[in-house]
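Here is how the chains run, residue by residue.
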2 protein chains.
Amino acid sequence: VTEDEIVQNIRVTLSPSTALRTGSEGRHRILLGIGDDAAVWQPSRSHRSVISTDMLVEGVHFTRELMTLEDVGWRAMAANLSDLAAMGARPVLATVALGVPSTAPEEIAQIYRGIAACAQRFNIAVAGGDLSRSDAIAISVTVVGEVRPSNVKTRAGGKLGDVLAVTGELGASRAGLEIANQPGLVEGAGCVAALRAFRRPEPRIAEGRFLAASANVTAMMDISDGLSTDARRLCTASDCGAEIADIPVADSAREVAHVRGEDPARFAMAAGEDFELLVAIRPRAFRYLAGRFEKRFKRKLLRVGALSKGRGVAWRGTALDSLGWDHFK
Amino acid sequence: VTEDEIVQNIRVTLSPSTALRTGSEGRHRILLGIGDDAAVWQPSRSHRSVISTDMLVEGVHFTRELMTLEDVGWRAMAANLSDLAAMGARPVLATVALGVPSTAPEEIAQIYRGIAACAQRFNIAVAGGDLSRSDAIAISVTVVGEVRPSNVKTRAGGKLGDVLAVTGELGASRAGLEIANQPGLVEGAGCVAALRAFRRPEPRIAEGRFLAASANVTAMMDISDGLSTDARRLCTASDCGAEIADIPVADSAREVAHVRGEDPARFAMAAGEDFELLVAIRPRAFRYLAGRFEKRFKRKLLRVGALSKGRGVAWRGTALDSLGWDHFK
């Protein structure tokens, strides 16, 4: 099998997701896709463009024992889309750089099936990529999105007194990791939900766009390294502190924490890769916005605390050290 | 050293290249750079956007014995810029996903110094990235550029009778690889030039933009896998064949081929990563365009052959098998 033949197979796997955007009805026209030196598209004239990149490495972010290669492909795309969600952007196109062991065309196909499934679900065209040998699988996805100039939300806009809220309960992905590591750890519906959260996380694209459209949302980011770490980042960027009062813990996370003898709130706070959004909202607007959010998405916008004077994040009155995930610690 | 501290160091290393674009004079304003969930920029209203990605893996594309980590960073950026050159695009911004062994903050700094040097030289802002652990170093760069709609050149526009030309002599990078592998293999000025071509290749950005502006250039791509492989790709896309008559061989490649007892033309034809451009030009326009090219760039636009009927690439009357580099063969 030559590289050109493998690329041809990838084009076929991706064709439904690419077709989404190449049709003349598409608002974003991909003018040239996979197979040339670069992909070409027509950006929106009224929007700003947004770009983000994430790398997943076998043995660091995933192992083959704990998820299928299709799951790996999905996760790689979902992690990147979550960054677009955090900017309130709509997805436009993605590129994929993939390193795999030389003997593995079937592995490439499996990874791309997961990438294509996630791309199709969230309406993003995979427009280009690169393929390389590599001892461990490495996937680097880059996503481009678009957002109205007035809707761009950074981490830096949070103001004293703002409500801090999250778009969903935390800890399910970490619970799923632990259940995948140790089958039978907990049973029941929570177990299935946790494994799904771990293997097929859903970026909050629609939720991000909804929240970005409100002038009362002052800062937004996705929780990829755990609420404790990411809340600290938002506070640093916004030049304030935060008091965390309530941690919405997913049922499965509560169960796993219970079995492990850990505090459920701590377990959930240190849990990365739930890909929920963390938002700062002007206090007078929170109730109204949360009501509209629940009506629209059939899920609650959950208050976790408020931005405060000073620096750092406090929880139950104690300064919180970083409990999250740091690749270099 | 925490991840956030490493990211802060990277921002400092990159600041000259980022500053190029964040000033209010810049035509492309990077509105939000490294440190948030995504970077934000304002695309040109009159241009199309172009994106390409490439991954370099330690042990596959480079080894630390043969070049410094600064060279590795330069090459990763240069390989991507070469794809923009092939589209006739001007560079706008890049993202970098980097996997490195956990214990190596100095390695990260070295790689980023090479990335920053190349970014500054070719006027592209590094606007975002990701950092991960990884046993072998893996660098995935994604570049975004812009091109006038009328100037987009793909591989597919070549027409029967078009002159095939390249922007420079071939084989120097491969010669440099062999000299780095075996110091003393050849001596003299050619040796220095070859090592430079191997370690600090120069993407043909200005040449690509110049050629793309001509309506008589019908197809363009960069030679990253060797003339034999890449000419076949251009022919396949343009639905024609090619007769290669002359191979412009770099002096250093000639010397190394001589020492190795190989045919210099074959050596140069199979040599990847020179990052010269391969262009198809309407035959009546070639002489005039080559004259303007030489006047502008003080280097020749070198005729290598012509597009012909049929399929595949012939050289000295013989069908040419792929002699190039295929990661999966």
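The coordinates are above.
Residues numbered from 1 in each chain as written. Chains lettered and ligands numbered in written order. Predicted model: local features only at pLDDT ≥ 70, side-chain atom pairs only at ≥ 80, totals over all residues. Heavy atoms only, no water.

Caption draft 1: Seen up close, the interface of chain B and chain A. Listed by partner, the interface residues are 65 residues for chain B and 65 residues for chain A. Between B:Asp37 and A:Arg155 there is a salt bridge, with its nearest N and O atoms 3.3 Å apart. Linking chain B with chain A are 19 residue pairs in polar contact (both at pLDDT 80 or more), by the criterion used here. The biggest single contributor to the side of chain B that touches chain A is strand β3 (residues 48–57) of chain B, with nine residues. When the residues that make up the side of chain B that touches chain A are grouped by side-chain class, the tally is 30 nonpolar, 19 polar and 16 charged. (Contact = heavy atoms within 4.5 Å. Salt bridge = Lys/Arg side-chain N within 4 Å of Asp/Glu carboxyl O. Polar contact = N/O pair within 3.5 Å; in protein donor to acceptor, adjacent residues only side chain to side chain. Helix = DSSP H or I, 4+ residues; strand = E, 2+ residues; numbered from the N terminus. Nonpolar A, V, L, I, M, F, W, Y, C, P; charged D, E, K, R; others polar.)

Caption draft 2: Layout of the relation of the copies chain B and chain A. With an RMSD of 0.0 Å, the fit of chain B onto chain A corresponds to turning through 180° and sliding 0.0 Å along the axis. The two molecules are tied by a two-fold rotation axis, judged by turn and shift. Considering only C-alpha atoms, the part of chain B nearest the rotation axis is B:Arg45, at 2.8 Å. A symmetric contact is evident, with 100% of the interface residues of chain B recurring at the interface of chain A. (Least-squares fit on C-alpha atoms with pLDDT ≥ 70 in both.)

Caption draft 3: Looking closely at the packing of helix α4 (residues 172–181) of chain A against helix α8 (residues 251–260) of chain A. Residues and elements named next belong to chain A. The interhelical angle for the contact between α4 and α8, taken along N-to-C directions, is 50°, at an axis separation of 8 Å. With respect to their mutual orientation, α4 and α8 come out oblique. Remark: the crossing between α4 and α8 carries left-handed chirality. Here α4 contributes Ala-172, Ala-175, Glu-178 and Ile-179 to the contact with α8, which in turn contributes Ser-252, Ala-253, Val-256 and Arg-260. When grouped by side-chain class, the residues that make up the contact of α4 with α8 number five nonpolar, one polar and two charged. (Axes fitted to C-alpha atoms, helices over the stretch in contact; angles between N-to-C directions. Parallel < 35°, antiparallel > 145°, perpendicular 65-115°, else oblique. Left-handed = near helix turned anticlockwise from the far one by under 90°.)

Caption draft 4: Examining the sheet that holds strand β13 (residues 318–319) of chain B more closely. Residues and elements named next belong to chain B. The seven strands lie next to each other as β8-β10-β7-β11-β9-β12-β13, forming an open sheet whose pairing is mixed. Of all strands in the sheet, those bounded by a partner on one side alone are β8 (217–222) and β13. By the bridge criterion, two bridges tie strand β12 (residues 312–315) to β13 in an arrangement that is antiparallel. Within β13, the position partnered with Trp-315 by the bridge is Thr-318. In the packing of helix α2 (residues 69–86) onto the sheet, contacts are made with β8 and β10 (277–281), and the angle to β8 comes to roughly 175°. Across the face of the sheet, helix α7 (residues 227–238) comes into contact with β7 (163–166), β8, β9 (241–244), β10, β11 (302–308) and β12 while running at roughly 140° to β8. (Pairing = 2+ DSSP bridges.)

Caption draft 5: Representation of the pattern of salt bridges. On inspection of all chains with the given rule, the structure shows 42 salt bridges over all chains. Residue A:Arg174 pairs with A:Glu178 through a salt bridge whose shortest N-O separation is 3.7 Å. Here A:Arg174 and its partner A:Glu178 are both found in helix α4, four residues apart, which amounts to about one turn of the helix. Both residues of the pair, A:Arg174 and A:Glu178, belong to the buried class. B:Glu178 serves as the salt-bridge partner of B:Arg260, at 2.5 Å between the closest nitrogen and oxygen. You can see B:Arg260 sitting in helix α8 (residues 251–260) and its partner B:Glu178 sitting in helix α4 (residues 172–181), a full 82 residues away along the chain. Overall, B:Arg260 belongs to the partly exposed group, its relative accessible area being 35%. One connected set of salt bridges, linked through shared partners, spans A:Arg174, A:Glu178, A:Arg260 and A:Glu262. (Buried < 20%, exposed > 50% of the residue type's maximum accessible area, 1.4 Å probe, protein only.)

Caption draft 6: Representation of the sheet that holds strand β10 (residues 277–281) of chain A within the structure. Residue and element names in this part refer to chain A. An order of β8-β10-β7-β11-β9-β12-β13 is seen for the seven strands of this open sheet, with the pairing classed as mixed. Of all strands in the sheet, those bounded by a partner on one side alone are β8 (217–222) and β13 (318–319). In terms of strand pairing, strand β9 (residues 241–244) meets strand β11 (residues 302–308) through four bridges, oriented antiparallel. Note on β11: the bridge partner recorded for Gly-241 is Ser-308. In the packing of helix α2 (residues 69–86) onto the sheet, contacts are made with β8 and β10, and the angle to β8 comes to roughly 175°. The sheet contacts of helix α6 (residues 205–212) involve β8 and β10, and relative to β8 the element is tilted by about 160°.

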